[in-house]
Every structure is written in C-alpha cells, then in structure tokens.
Protein chains: 2
Amino acid sequence: MELLDRTKLTIPPFERDNFLEMSNPVSCSYSKVDPGTARAIRKLNDGLRNGLALPVKDEQVAVNTPRGNPLSELKGPTNPMVTALLTDMYQITMAYAYWRADKHLDEAVFDLFHRNNPFGGEYTIFAGLEECIKFAANFRFKDYEVDYVRSIMPPSCEEGFFNYLRGIDCSNVNIHAIAEGSIVFPRVPMMRVEGPLLVVQLLETTLLTLVNYASLVATNAARHRQVAGNSKILLEFGLRRAQGPDGGISASKYCYLGGFDATSNLDAGRRFGIPVRGTHSHAFISSFVSSDEITQRSLAYANKIDSCDDFVGLIQYWLSKIQEADFFQGKFSETNHSELAAFTSYALAFPTEFVSLVDTYDVMRSGVPNFCAVALALQQLGYKPKGIRLDSGDLSYLSIEARKFFVAIEKQFAMPGFGKLSITASNDINEDTLDALNKQGHEINAFGIGTHLVTCYKQPALGCVYKLVEVNGQPRIKLSEDLSKVTIPGKKQCYRLYGKEGFPMVDLMVGENEPPPKVQERILCRHPFLESKRAYVVPQKVEALYKCYWAGKSGLQQEPLPSLESSRHHCQHQLATMRPDHIRSLYPTPYKVSVSGKLYDYIHFLWLNEAPIGELH
Amino acid sequence: MELLDRTKLTIPPFERDNFLEMSNPVSCSYSKVDPGTARAIRKLNDGLRNGLALPVKDEQVAVNTPRGNPLSELKGPTNPMVTALLTDMYQITMAYAYWRADKHLDEAVFDLFHRNNPFGGEYTIFAGLEECIKFAANFRFKDYEVDYVRSIMPPSCEEGFFNYLRGIDCSNVNIHAIAEGSIVFPRVPMMRVEGPLLVVQLLETTLLTLVNYASLVATNAARHRQVAGNSKILLEFGLRRAQGPDGGISASKYCYLGGFDATSNLDAGRRFGIPVRGTHSHAFISSFVSSDEITQRSLAYANKIDSCDDFVGLIQYWLSKIQEADFFQGKFSETNHSELAAFTSYALAFPTEFVSLVDTYDVMRSGVPNFCAVALALQQLGYKPKGIRLDSGDLSYLSIEARKFFVAIEKQFAMPGFGKLSITASNDINEDTLDALNKQGHEINAFGIGTHLVTCYKQPALGCVYKLVEVNGQPRIKLSEDLSKVTIPGKKQCYRLYGKEGFPMVDLMVGENEPPPKVQERILCRHPFLESKRAYVVPQKVEALYKCYWAGKSGLQQEPLPSLESSRHHCQHQLATMRPDHIRSLYPTPYKVSVSGKLYDYIHFLWLNEAPIGELH
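Residues numbered from 1 in each chain as written. Chains lettered and ligands numbered in written order. Predicted model: local features only at pLDDT ≥ 70, side-chain atom pairs only at ≥ 80, totals over all residues. Heavy atoms only, no water.

Participant: A description of the overall build of chain A should follow, citing residues and the corresponding values.
Facilitator: Within chain A one finds 20 helices and 22 strands. For chain A, with 617 residues in total, the buried portion stands at 64%. For chain A, long-range pairs separated by at least 24 residues make up 74% of all intrachain contacts whose partners lie at least 6 apart in sequence. Summing over all exposed atoms, chain A offers an accessible surface of approximately 22400 Å²; the carbon and sulfur share of this is 51%. (Helix = DSSP H or I, 4+ residues; strand = E, 2+ residues; numbered from the N terminus. Buried < 20%, exposed > 50% of the residue type's maximum accessible area, 1.4 Å probe, protein only. Contact = heavy atoms within 4.5 Å. Areas by Shrake-Rupley, 256 points an atom, 1.4 Å probe, with all protein chains shown as cover.)

Participant: Break down the packing of aromatic side chains for me, citing the residues and quoting the values.
Facilitator: Throughout the structure, instances matching the rule amount to 38 aromatic pairs over all chains. Arranged with centres 5.1 Å apart and planes meeting at 65 degrees, the rings of A:F284 and A:F288 form a pair that is edge-to-face. Each member of the pair, A:F284 as well as A:F288, is classed as buried. Members of the aromatic cluster, joined through ring pairs, are A:Y96, A:Y98, A:W99, A:F161, A:F162, B:F284, B:F288, B:Y346 and B:F350. Positioned over the ring face of B:F288 is A:K103, at 4.4 Å from the centre of the ring. (Phe/Tyr/Trp six-rings, centres within 6.5 Å; stacked < 30°, edge-to-face > 60°. Lys NZ or Arg CZ within 6 Å of the ring centre and 35° of its normal.)

Participant: Tell me about helix 16 (residues 431–440) of chain A, residues and numbers included.
Facilitator: All names here are of chain A. Looking at helix 16, one finds that the buried residues are E431, L434 and L437. Down the axis of helix 16, the buried side of the element spans an arc of 125 degrees, and every buried residue falls inside it. Relative to its buried face, helix 16 has exposed residues pointing more than 90 degrees away, namely K439 and Q440. For helix 16, the secondary structure elements touched by its buried residues are helix 8 (197–228), helix 15 (395–413) and strand 13 (446–449). Measuring from the backbone nitrogen of D432 back to the side-chain oxygen at the start of helix 16 gives 3.0 Å, which picks out N430 as the cap. Just downstream of helix 16 lies G441, where phi reads positive at about 90 degrees. (Arc of directions from axis to C-beta. Polar contact = N/O pair within 3.5 Å; in protein donor to acceptor, adjacent residues only side chain to side chain.)

Participant: Let's hear about the side chain of B:E470: which residues, and what values?
Facilitator: Residue and element names in this part refer to chain B. Relative to the helices and strands, E470 resides in strand 14 (residues 465–471). One polar contact links the side chain of E470 to the main-chain amide nitrogen of K491, over a distance of 3.0 Å. When sequence neighbours within four positions are dropped, the list of residues in contact with E470 reads E107, A108, V109, P475, R476, G490 and K491.

Participant: Can you break down the sheet that holds strand 18 (residues 523–526) of chain A residue by residue, with the values?
Facilitator: Residue and element names in this part refer to chain A. As summarised here, the arrangement of the six strands in space is 19-18-22-17-16-20, forming an open sheet in which the pairing is mixed. Two strands bound the open sheet, and with one partner strand each, they are strand 19 (534–537) and strand 20 (541–544). Direction aside, neighbouring strands of the sheet carry axes that sit 35 degrees apart on average. (Pairing = 2+ DSSP bridges. Axes fitted to C-alpha atoms, helices over the stretch in contact; angles between N-to-C directions.)

Participant: Explain unusual backbone geometry to me, using residue names and the numbers behind them.
Facilitator: Residues and elements named next belong to chain B. Phi at A414 takes a positive value of approximately 50 degrees, unusual for a residue other than glycine. Looking at the secondary structure, you find A414 in the loop between helix 15 (395–413) and strand 12 (422–425). At D428, a residue that is not glycine, the phi angle is positive and equals roughly 55 degrees. Inspection of the secondary structure puts D428 in the loop between strand 12 and helix 16 (431–440).

Participant: If you had to explain the nonpolar core to someone new, which residues and values would you point to?
Facilitator: Grouped burial of nonpolar side chains is what soluble globular proteins tend to show. If you look at the biggest cluster of nonpolar residues, it comprises 369 residues, and the most contacted ones within it are A:M191, A:F311, B:M191 and B:F311. Here A:F311 is in contact with A:R297, A:L299, A:T344, A:A347, A:L348, A:V374, A:A377, A:L378 and A:L381, once residues within four sequence places are set aside. (Core = buried A, V, L, I, M, F, W, Y, C linked by side-chain atoms within 4.5 Å.)

Participant: Break down the pattern of salt bridges for me, with residues and values.
Facilitator: Residues and elements named next belong to chain A. For the structure shown, the criterion picks out 66 salt bridges over all chains. The partner of R150 in a salt bridge is E159, with the nearest N and O atoms 2.6 Å apart. Overlapping salt bridges, with partners in common, bring together D143, D147, R150, E159 and R166 in one network. (Salt bridge = Lys/Arg side-chain N within 4 Å of Asp/Glu carboxyl O.)

Participant: How would you summarise the sheet that holds strand 6 (residues 233–236) of chain B if you had to cite specific residues and measurements?
Facilitator: Hydrogen bonding along the main chain pairs the strands of a sheet, whether they run parallel or antiparallel. Residue and element names in this part refer to chain B. Here we have six strands laid out as an open sheet, ordered 7-6-13-12-11-10, and parallel in their pairing. In this open sheet, the two strands that pair with only one neighbour each are strand 7 (262–263) and strand 10 (355–357). Note that strand 6 and strand 13 (residues 446–449) share four bridges and pair parallel. Of the residues in strand 13, the one forming a bridge with L235 is G448.

Participant: Pulling in residues and values, what's your account of the relation of the copies chain B and chain A?
Facilitator: With an RMSD of 0.0 Å, chain B superimposes on chain A once it is rotated by 180 degrees and translated 0.0 Å along the axis. The relationship between the two copies is best expressed as a two-fold rotation axis. Proximity to the rotation axis, assessed at the C-alpha, singles out B:D246 in chain B; its C-alpha lies 2.6 Å from the axis. When you check the interface residues of chain B against chain A, 96% turn up at the interface there too, and the contact is symmetric in its surfaces. (Least-squares fit on C-alpha atoms with pLDDT ≥ 70 in both.)

Participant: Tell me what's going on with the pairing of strand 16 (residues 492–498) of chain A, and back it up with residues and numbers.
Facilitator: Residue and element names in this part refer to chain A. In terms of residue burial, strand 16 counts as a mostly covered element, since seven of its seven residues are buried. Judged by which residues are buried, strand 16 turns out to be covered on both faces: K492, C494, R496 and Y498 on one side and Q493, Y495 and L497 on the other are all buried. Where strand 16 and strand 17 (residues 504–511) come together, seven bridges link them in antiparallel fashion. Looking across to strand 17, one finds that Y498 is bridged to P504. Taking the residues that link successive antiparallel strands as the turn, the strand 16-strand 17 hairpin has five residues, and the phi of G502 there is positive, at about 90 degrees. Relative to strand 20, strand 16 runs antiparallel, the two sharing four bridges.

Participant: Which residues make up the confidence of the model for chain A, and what values go with them?
Facilitator: All names here are of chain A. Residues with a pLDDT of 70 or more make up 87% of chain A, whose mean pLDDT is 88. Within the model, pLDDT remains below 50 along residues 1–70, and this stretch shows 118 contacts once partners closer than five positions in the same chain are excluded. Scoring the predicted complex yields pTM 0.89 and, for the interface, ipTM 0.88. (pLDDT = per-residue confidence, 0-100.)

Participant: Residues and numbers for the packing of helix 12 (residues 311–324) of chain A against helix 14 (residues 363–380) of chain A, please.
Facilitator: Residue and element names in this part refer to chain A. Axis separation between helix 12 and helix 14 bottoms out at 8 Å; the angle between their running directions is 120 degrees. Between helix 12 and helix 14, the angle is such that the two are oblique. For helix 12 against helix 14, the interelement crossing comes out right-handed. Between helix 12 and helix 14, the contacting residues are F311, L314, I315, W318, L319 and I322 on the first element and P369, N370, C372, A373, V374, L376, A377, L378 and Q380 on the second. Of the residues belonging to the contact of helix 12 with helix 14, the class tally is 13 nonpolar, two polar and no charged. (Parallel < 35°, antiparallel > 145°, perpendicular 65-115°, else oblique. Left-handed = near helix turned anticlockwise from the far one by under 90°. Nonpolar A, V, L, I, M, F, W, Y, C, P; charged D, E, K, R; others polar.)

Participant: So what's going on with helix 13 (residues 337–349) of chain B? Residues and values would help.
Facilitator: For helix 13 of chain B, with 13 residues, the first-to-last C-alpha span of 18 Å sits near the 18 Å given by 1.5 Å per residue. The element helix 13 of chain B is largely enclosed, with a buried count of twelve among its 13 residues. Within the sequence span of helix 13 of chain B, burial applies to B:S338, B:E339, B:L340, B:A341, B:A342, B:F343, B:T344, B:S345, B:Y346, B:A347, B:L348 and B:A349. Tucked inside the fold, the buried residues of helix 13 of chain B contact helix 4 (89–100) of chain A together with helix 11 (282–286), strand 8 (299–300), helix 12 (311–324), strand 10 and helix 14 (363–380) of chain B. (Expected span 1.5 Å × (residues − 1).)

Participant: How would you summarise the interface of chain B and chain A if you had to cite specific residues and measurements?
Facilitator: With 122 residues of chain B in contact, the opposing surface of chain A contributes 117 residues. Contact between chain B and chain A buries roughly 10300 Å² in total, counting both sides, with carbon and sulfur atoms accounting for 59%. In this structure, the salt-bridge partner of A:E204 is B:R240, at a minimum N-O distance of 3.1 Å. Counting across the chain B and chain A interface gives 35 residue pairs in polar contact (both at pLDDT 80 or more). (Buried area = accessible area lost by both parts, 1.4 Å probe.)

Participant: Provide a residue-level description of the environment of A:G511, including the pertinent values.
Facilitator: Mapped onto the fold, A:G511 is located in strand 17. Between the C-alpha atoms of A:G511 and A:V471, which are 40 residues apart in sequence, the distance is 15 Å.

Participant: Please set out the environment of B:V217 residue by residue, giving values where relevant.
Facilitator: Residues and elements named next belong to chain B. Counting through the fold element by element, V217 comes out in helix 8 (residues 197–228). Along the backbone, V217 and P460 are 243 residues apart, and their C-alpha atoms lie at a distance of 8.8 Å. Leave out the neighbours within four places in its chain, and V217 touches A251, Y254, C255, L453, V454 and C456.

Here it is, written out as structure tokens:
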C-alpha cells in the first residue's frame, strides 16, 4: 500500500478559487510552487499586508521588544495562574522543533471545536471566550518562566530559542469566534486561531482549558434551567464540591451565564457582579441551646420608630397561638428549643431577610412551626419574612406540606402574603431530580444546586479539540476510523441559516473565500461525510457566526468583549429561539451541521488522497 | 411527641471524665452551670490558658490590630484566588448572626471528614492539608473584601461587625490533622478545627474546597497506580480537560502525590518541582509536508566531535535497509513522507530525547518504520533514542507488534537496547482500561492519562463535610435517617491500630481525654452505630493519627508542613503497608472504623435524647 505524498497532489480546478488563491499581492498555490518558496512568498505577503517589518529570528530584536506592555488595554484572565506557562510541555518541545526547522513563522490556522455534545444532549453553550481573549492579549513569557523552561530542556537546545520565546506575543495572531453564550454544535469551530505556527501552537492547551470546562458547565446550567422552567429561581451552591477553587469561581461565572440567577460564592459575586445568596447551615442551628442564650431581646419595628422590647416573648406568643389554633391541633407538639433560639437569633440579625433552614430536627413538627412563629412576630413588627430552606427528605411532599401550613397561617391569622412565602430546596439536586419533582408536583420556588451542577457529574469533561486545518494556505486534514474525528480542512466561514418559522435550521461551513449564502436564495447543504445526506435550503435569515475578537496588529476590526450580563442574555435569547425539540432533555432531535457542495468535494478529494488503501491477503 | 431540650439533659457519671471536664483552671459542665456563665468561664479560661488578653468585641481594638502581617512565615495558598472571601455567602450571614448574638467567641470544634470512599473503593487518600494550613495562616479579610461584604448585606447590619471582620485571623484557631498523603477512612476526621465559633465557621467552605478535590484526585491517582503496577511510568496529561486552570494545576500536584511520576503541565512542574514530560502532537506531524522542507540537514555526533553532514540522507539509508531486510518484507511499503519529515525535524531538535508519535497515518505501516529509521540513524551517531507514543487504536495489539518490530531491528542490525525502547500509550486511558490491558497483555512502558484521571470521571466529587461537634465543651450530634450522616459528637482523638502481620487493623476514635490505647493491651473497638459489631483488639503498634499543623498563638507545638515529595513517599508507604484486599479495585474488603466503648455509650446516650420518638396514629 502506498501512502500518497501531499506534495504531489494535483488540485482540481474547481478548488483553486476557493482554497488556494489568496487575496495577496503575490499569489501562490502549492501545486505550482515548492513549499519553501510558497512559505517565503507567504511571509512576504503577510509583511506587506500587515504593514509590518517581517518577523525575524534575531535574538537582538526579540530581546529589544518592549516587555510587560500587553498589546491592548485588556486585563489578564480572572485567574492569575493562567499564564503562558500554563501549558503542556509538548507545546514547548514542538515550539523548539518548529524554530529549529525554521517553520515557526509558517502561517497556521487552528480550529477549536467539540465533536460531541455533552450530557446526551444536542447542543452546547460556548463559553470561556472572554478569558481566552484576555489570555491572548497578555500572552507573554516572563523571564523566570523562560528560565524554568530552559532548565528542563536538554542542554543541547540553542540559547537563541529561549531569547526568541522571551519576545513572542499575540501581535500577529487573529482570533475569530462565535459570540460567547451562543449555542454551538459539533464540528463547527467555536474559535479559529490564525498566526505564526509556533505561537498559535503554544496557545492550544490554555485555550482548551479555558473553553472546555466553561462550555461544559454553562451547558449544564442551561440544561438545569430548561428543566426547571423560567419561573424558578436557580442558585448555584457548588463551591465546596468544585474541582479546585478556580473550578468553583469558574462554575459560578458560567452557571450565571447559562441561566442561573445567583451564587453562594462571595468572591464570584465580587468579581463578576453576580447576585449572591445565603442563609445559614445546620451548624448554625445546632450551635444554639435555648432562647435563654439570647441576651439582646429587643427589635425595632420596620418603621424604625417603635421598638419591641421582648421579641423573644413575642415569638413565644405566636408559637402558642399556632399550637392552639384548631387547624394545627395534633400536627406538632413541642418544637425544638435550640432550633427556635437559632431562628430567633437569625431574625434579630436579619429582620428584613429572614429565611430559616427547617430540617435540622423535623421539618413539619419543628422547623416549619418554629419558622412561622418567628415570621409572624416579624410580620407583626412590619417586616416581610422571606421563607424556608429544605435540605433533606422528600422535597415534593415537604414543600407541599409546608405550603399548606403557610396558607393555613395566612387564613388563620389574616396575614396577607404568608401563603406565598418562598420555599428553597437544596439537597443533591440535578437535572433528573428537577424533572422528577416537576412530575410529582411541588411547591418549591427556588433550587440551590451544587455538586451535580459544578462538577458536571453526569459528564465531567467536554472534549474540545484544537486542530491544525491549514499551513501556509495549504489545507490539512486529520483522518480517523472514527468519522467524528475527521477534521474539516482549510480556513472556513460559518453561517447559521434560519427558516420561515424563525428557528435556526442548519449551520453551514463554507471555504473562506466562497460567497456567503444569501437570504431567499437556494443553497445546497451537505453532511460533511455522508454522501446521501443533503438538502437544498432557502434561508429566511443568514447569520455569519464569526467575529474577530482578537485582531493583534492586523488592523482587522476587533469586536469588543461583551459583559457577562450581556452574554447571559445572549445565551437565554439563543435558547429561546431554538426549535424546542433540539434542546429538550429527552431524545432531542439532532441539529444539522453541514458544508457547502464545494467544501464537501474538497474534503473528499483530500480524504481519498490521504487515506491509505488497505491490502487484504 | 416531645423534643427533648438539651439544656435539661443529665449527663451520666461515666461521661463527665471524658467529655465535659476540661483541663482548665475553672471547670464547667453544662448540667450544672447555665450556658451563659459556662461561656464566660470558658473565655476566661482560654484567655488564661493562652496567656492572651481576652478577645473583645471592640471596634477600636479590632481596627488597630496590625494588618497584612500573616501569623507565620507561611506563604499563602498556591492559587492567589484562595482568599477569605472565597466562601459561601451563608458563612458571612451566620458570622453576623453569631456576632449579634454574642456567640462569636464561643469555643467551637469542627470535624472535617468524608462519609463514603470514592470510586467504589474502600479507601481515600487525604490531600490538600498544606493548602489549608497556608490558607489559615494567611486568613484575613482585605479592606476591599469587607467593603464588598458590606455592600451586599442588608443596610441594617451594624458597622461594628464589618470592623470586627477586618480584625479577625486564625491566631486563636488550632488545626489538628492526619498527615497529608495518608490513607483515611469514612467518619474518621481528617482535620479537627478548633477556635472561636465565628472564625472556624468562616473557614468551612474554603477548607472543603481545598480538601475535596485534592483528596479525590489523589485517590484516583493512587488507584491508577495500584492497577498499573509499580513498574510502569504514569504521566498525568490532563490540563486541557481539567475543570478550570486551577483544576489542572491541582490535579498535577495531587496526582503526583498519589503516585504518578510526571506531568505534562509546565506550570505545575515549575511550582512544585514535579518532573514534566512531553513530545509532540498530531498537529506537529501534519504541519510538515516532506523532507525537502528541512534546510539544516547536518547533525553532530553524540561525542560532539564528529558531524554527520546529511542526517536526512542517513535516515533514508536506514529506511531502505529496513525495507530490504527479510524480516520486514511485506510488512510495509512506502511510509508517509510528511511524518518522516516531522520525525526527522524532531530528532534534529532533540537528538538526545527522541520520541515519536506514531499513529498519525498508520502505526505499523508508517509510524513505526519511520521512527525506526530515524532512531537507527541517531543510534549510529551515538545517541540513544527513547521510544514511541501511541495515541489511538488497539493499544495491546499495537504495543506488542511495535515491540516485535523493535526486537527484530535489534537482531537484524545488531543494535543493542533497541528492543527495549519505551512505548507510551495515551488514548482515553482509565482504571478499567489499564486493568483490561493487563489482562490482554501489552508491551507498554508508560501511560499518559488525562481526562479520566483529572476530572475523576468515574465520580467527579468527594463529599467531605465540616460538622460542628462541640461548642463550649458541650458535644453536638447531628442526626439523620441515614446512618452515614450521623456525626460522632465531641472532640476526639484518633488512633490506627496495627496487627501482628504489620497491617493496620482498625481506626479507633476515643474521647479527647480518654487514655490512648496501648501496645499489647486488649481494647474494645465498637462500630459507632451497630450494637452487635464489636471486637477486642490487641494492637502490636498504636499510631496517633493527629498532629497539630496550625497552632495559632496557642503555644502548641506546630508540625512543619512536609514537602510534596515527602507526602508522596508517605502515600506510597501507606499504600504498601495496607492489607492488599482493602485497596484492591474489585470487591475490596471494608476497613474497620470504630469507637471506644465509652464513646459508643456517649453517642447513643446523646442520640436517644435528641431523636424524637415517632407517634403513629
């Protein structure tokens, strides 16, 4: 069996227009020009195009490049540990080999994409872009990092390389990407990174680290939101179970992006302006013994004019009233004293924000009656209590029982609004339990979700990859027995085509230089690999998916980074405009990802040329 | 049904000795003294004991406490994002409520422990202690953090609290813990944190964040090591799939602790001195077209005296020799040119460290022959090539075929050592695939493991909890329908008892003031909850599990933090001394965790007093 040499490929005529002729002063195509010359021309063109002196492998120049001045005003990534050195060793060994082979300035294009949607679903929320761009904008090796690199490389490595490393940055890199918070589908690159081979290769690991978990957890959050429905409040409570502190902070950020309302994580609140929520734990309840401990027993009325001298006594009064009322006869007897003391103390500390964790002893026999006694006392003083939190047991049953209790109190004591007090549930909740609760019926207003949400328990990793698709204008294809691992070669443009009903119908990849699809014009969309899967589409709306978020010094217009709030809205808007069957939890319909007819032909031409023909004996 | 009030409990005489009488100048027990007085006495005692002025709730004093001077020379945690504010909102609301209720200086004891071992196993590796101690040593709210806290708290909160927050640190906190890298078992606290209620409550979330993932991933690494065996090299390759950048750095650290040999993560290498490894990716291979690209074709001999002018030609020579040799006839024909060019470039860059990724086109028809040609050329120049990496396909079959090829080359060309070249495998490997490979047979020397290892795919969260077990010398118990959720009350000492064969037999918890078990002395060990499970044990060795790793200003002797290397050795040593059936992957035998007879009686006395008696009608 003979493996074909790519240098011998003859390019069929229909391809030239789209893939090989560049809009450069000097045109080159590798069927005519030898690779070395082609590369030289490319570099010349780049220099001309960018109006820059040619990049040179000259230690002096590299060393003299101003240090510590990021290319833009962008601050670095949230986590200061995200540096150029946060990468795999093999990026450095490759960088050295590229440099030694004088390939470091080859113009490379990498696509960052995922092959499969997580959680058995048919969509992914793209997140992490802002951090990627901040990383790229500040990408630069510090001296001590280069010193470390030198210390672990073989002594035979040339010193010029380390000096070169000191000088590199992303000034010659461009990053095109789909907007953060967008719905994305397998094989359609979320990001396209172009620039000198050595530099864009070095970005690989860090970009993947910043996108993989961000997109995974944002998708997880969006799925929880879909199941819970828009009327529920979703609180992310995962910090303690997250995979490392940064896992916690990232989770808070991207769960908010994916549709959560608030977090328990204070530092995430401070960093990103996410609303924070929290009340107390079982330890708080059990740290109290009895109301005798409470020394400051007075509480001002909400009007701040009057004062109740014995708030503790007032609570006792209300507790007796509840116990004596016909409706509650036999429902409970004596409630737990330490719990009541804890609730009382919490109410004295937070009269305007009174919430109780009611399951330390017994929800319906102690927690809820104790809560109601304190809440009634507060309401008498003009405050509006908030509600309860359930952290164990049958959440459906307990929430319904608690609601009945509240409604009965409202009726019994003519306390308007009491029946509508908030019920928060927070015991090992995930997508499936939310779904089960919906089916069983419940009276829960808010869900606090931790472990399953932030660790993405159902599938804790997203497999985004970063694949070389073009070098010096020459397409690269990676083959595999597994169709989902075959890459779509070349630099591409991606479009989302919308149908008559306003829903996206199909994502379409075309060669960089193909004309964009037009509204109302019929276009053939083909499955990238399966010959028989194809359709003519007449789009009612065409959305170009890429914008340039990092232009380096190319002069391209650079899209400003949207705020987290704005990406969150974008995500919610995107989900709202999807055809519901694509995003449902159970047996969702796959969304179509396609290529143009020309790109299809090109892929298959390259594929057949690269794939060895097996020999069976 | 009546809930018993804990203030009314009468403490049975046998308990006084062990739980309530403190070794303080003034003795108190809550059966005799009211809680307020008891607390006052406690604070007085603490002040006397510590030789310190009493802590006071006085704004002026708090504000005047020197700022920014950590209590010790310990640097902060690895991740600068690990600050006092990296916590849940409810810790702050509780702190305020404690402060308002004047309970903030109550002496509290919290236990940090897990309830279930991960991955279906019967052990857990305790990790994260060093980071916890560094966190505690530097625990202090910065002004902007307090300002943020104030901004999200209700306006009614008293300013004095925020000033108080500014002044707190861990000077009055003690942390006892089991050594990092130790094998630990459910319910036996890994850490015991003592100090003022407000401060030790505030530590909860961060300590859990630092221990949960660290212990989880260290355990995962140890399990992979157990299955792979000690003769294999294990490489952690997980950064790109980790849950956030810090997930990656933590994974590298704790996988090393758990028994891995190296990481791909450069920054982890720099920070922790972990060996780093890496070669090249498929992108490197496919960025080359042919050997014509290689401009620098000469390579010095290993002796640095001679030089080979045409190393590229030498490789061609060896490739022909292999093709012509009888043994290889028909095994392959022409190999892939771009792959050969990439290998050649890599060898020119790293003649002393030559490794090839051989699966880009076809392992046995292209990758291995190409590798051998380059390796033979290197060997001819006096270098010692390293080996190959397989990243796809049937790793058992391919490694065996590659080994045969190497052995044949050694024989054919009289190249000593060639048959023993290293084979590294790195395709989605986990504990189960390692086990399957062992069963099928393979010739792999090293495994690169990423996703499954660092995200702990099999179980991505460990559920360590932090439970209040004592306040002001009074034990606290938390009840639950689920036995594993019942806490063991009171401040305890923990021992590991070893048997005649040198294996640990049982972990024993006793009350803080009970005498330690003695070598050769029979002691009753009881299951904490199940009456009939008990055994007399005559230990041959007794190991006290706790040391004080953070003494604050108590004057207790503070254990220095061991190095990562030393914790790693400790972990390996601990695993080596376990009875093998406890740590095997399949159906391991549970290790026994027990309490003393006295502690058993005490738990059950408290339990019955706290648990409501149900009423069925």
